[in-house]
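# Fold and geometry: a report
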Amino acid sequence: METEFVPRGMQECIPDYRDIHQVEVPAYTDIEHHTWAQLYANQSRVLPGRACSEFMSGLKEVGFPNERIPSLAEISDRIEAYTGWTLTRVDGLVPNYEFFKLLSERIFPSTDFIRRPDEIEYTPSPDMFHDLLGHAPLLLNPRFCAFFEDFGKAGVAAFENSAVNPAARDWLPRIYWYTVEYGLIQNPDGLRIYGAGILSSPKEVLYSLSEGPKKLPFDLEVIANKTYDIWHMQEELFVIDSFDQLENSFYAWACGHGLLTDRRTEKRS
């Protein structure tokens, strides 16, 4: 019986919990460094005027090298200096509970392999270009990080709190998909992108702001019950007004479903 082929990075894995500075840096080939350089050049052309201002500010502060693949440790150090978040190395997809646990502790998992040259335009696998360029810049934004930490804590509760509706384990990955990976935001200068799945793909960047996909109002109850397809460009996207809205709306939603404790209640007790 043939085993089903699983693309690199799409297999589940347990994170490498060592300090990121103790993790060996792969010996990248010239082809791999060139792939990074080509990806970075492509996104440098399409992101200005399309990525949200918060992302572009973070991108500048991270200061990715444009001709070589950076180590996870050097990017982790830059993030930590701004918000206290750090990176940990993984081989692929982290199981949901472990993923939520990492976020609750202000740790973001990143792979350390780069996609193949024939996957420049799009890959469903979470390679390090997606993980670093797509996610790292917003890990320098305090409001986004506040949402992200709450998201992680809510995810942990979905697994550890027996009083929580078991469906929350399905709701949260959908919220992650339509916000962190494929979210749009209204900036003062117009509609912009903040989702990492879009920001790390040149085709997705152009398509997301075109007339192609439907732009839907942000509604967490709708999102929590909406399935998604990782193998194709997204046909429906949800738009937030600000990261304040994202943080506050998610916090209220999570409290309403018993996934977070109301901070006002904690202060009174």
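See the structure printed just above.
Below is a short write-up of the structure. (Residues numbered from 1 in each chain as written. Predicted model: local features only at pLDDT ≥ 70, side-chain atom pairs only at ≥ 80, totals over all residues. Heavy atoms only, no water.)

In this section: the environment of Ala 224. Its location among the elements puts Ala 224 in helix α10 (residues 220-224). You can call Ala 224 buried: its relative accessible area is 0%. C-alpha of Ala 224 to C-alpha of Pro 173: the two residues are 51 residues apart in sequence and 8.2 Å apart in space. Excluding residues that lie within four positions of it along the chain, Ala 224 makes contacts with Trp 171, Arg 174, Ile 175 and Trp 253. (Helix = DSSP H or I, 4+ residues; strand = E, 2+ residues; numbered from the N terminus. Buried < 20%, exposed > 50% of the residue type's maximum accessible area, 1.4 Å probe, protein only. Contact = heavy atoms within 4.5 Å.)

For helix α3 (residues 72-83), built from 12 residues, the straight-helix expectation of 16 Å at 1.5 Å per residue is met to within 8% by its first-to-last C-alpha distance of 16 Å. Burial in α3 covers these residues: Leu 72, Ala 73, Glu 74, Ile 75, Ser 76, Ile 79 and Thr 83. Elements in contact with the buried residues of α3: α2 (53-62), β1 (86-89), β2 (107-110), α5 (128-135) and α6 (142-160). Phi turns positive, to about 85°, at Gly 84, one or two residues after α3. (Expected span 1.5 Å × (residues − 1).)

Locating Thr 86 in the fold gives a position in strand β1. As for Thr 86 and Phe 129, which are separated by 43 residues in sequence, their C-alpha atoms are 17 Å apart. Those residues within four positions of Thr 86 in sequence are excluded, and the remaining contacts are Ser 76, Glu 80, Arg 106, Ile 107 and Phe 108.

Time to look at the side chain of Glu 181. Topologically, Glu 181 is positioned in helix α7 (residues 168-181). The side chain of Glu 181 is buried and forms no salt bridge, while Arg 115, the nearest opposite charge, is found at 9.7 Å. Setting aside chain neighbours within four positions, we find Glu 181 in contact with His 130, His 135, Tyr 176, Gly 195, Ala 196, Gly 197 and Ile 198. (Lys, Arg positive; Asp, Glu negative; His and termini not counted. Salt bridge = Lys/Arg side-chain N within 4 Å of Asp/Glu carboxyl O.)

When the charged atoms of two side chains with opposite charge come close together, those side chains can pair. Scanning all chains against the criterion turns up 14 salt bridges. Where Glu 119 meets Arg 116, a salt bridge forms, and the shortest distance between an N and an O atom there is 3.5 Å. Since its relative accessible area comes to 16%, Glu 119 is described here as buried. In this structure, Glu 247 engages Arg 143 in a salt bridge whose closest nitrogen and oxygen atoms are separated by 2.4 Å. Here Glu 247 is found in helix α11 (residues 243-256), whereas its partner Arg 143 is found in helix α6, with 104 residues between them in sequence. With relative accessibility at 11%, the residue Glu 247 sits in the buried group. Residue class for Arg 143 comes out partly exposed when judged on its relative accessible area of 33%. Put simply, Asp 16, Arg 18, Glu 24, Arg 89, Asp 91 and Asp 112 are held in one network by salt bridges that share partners.

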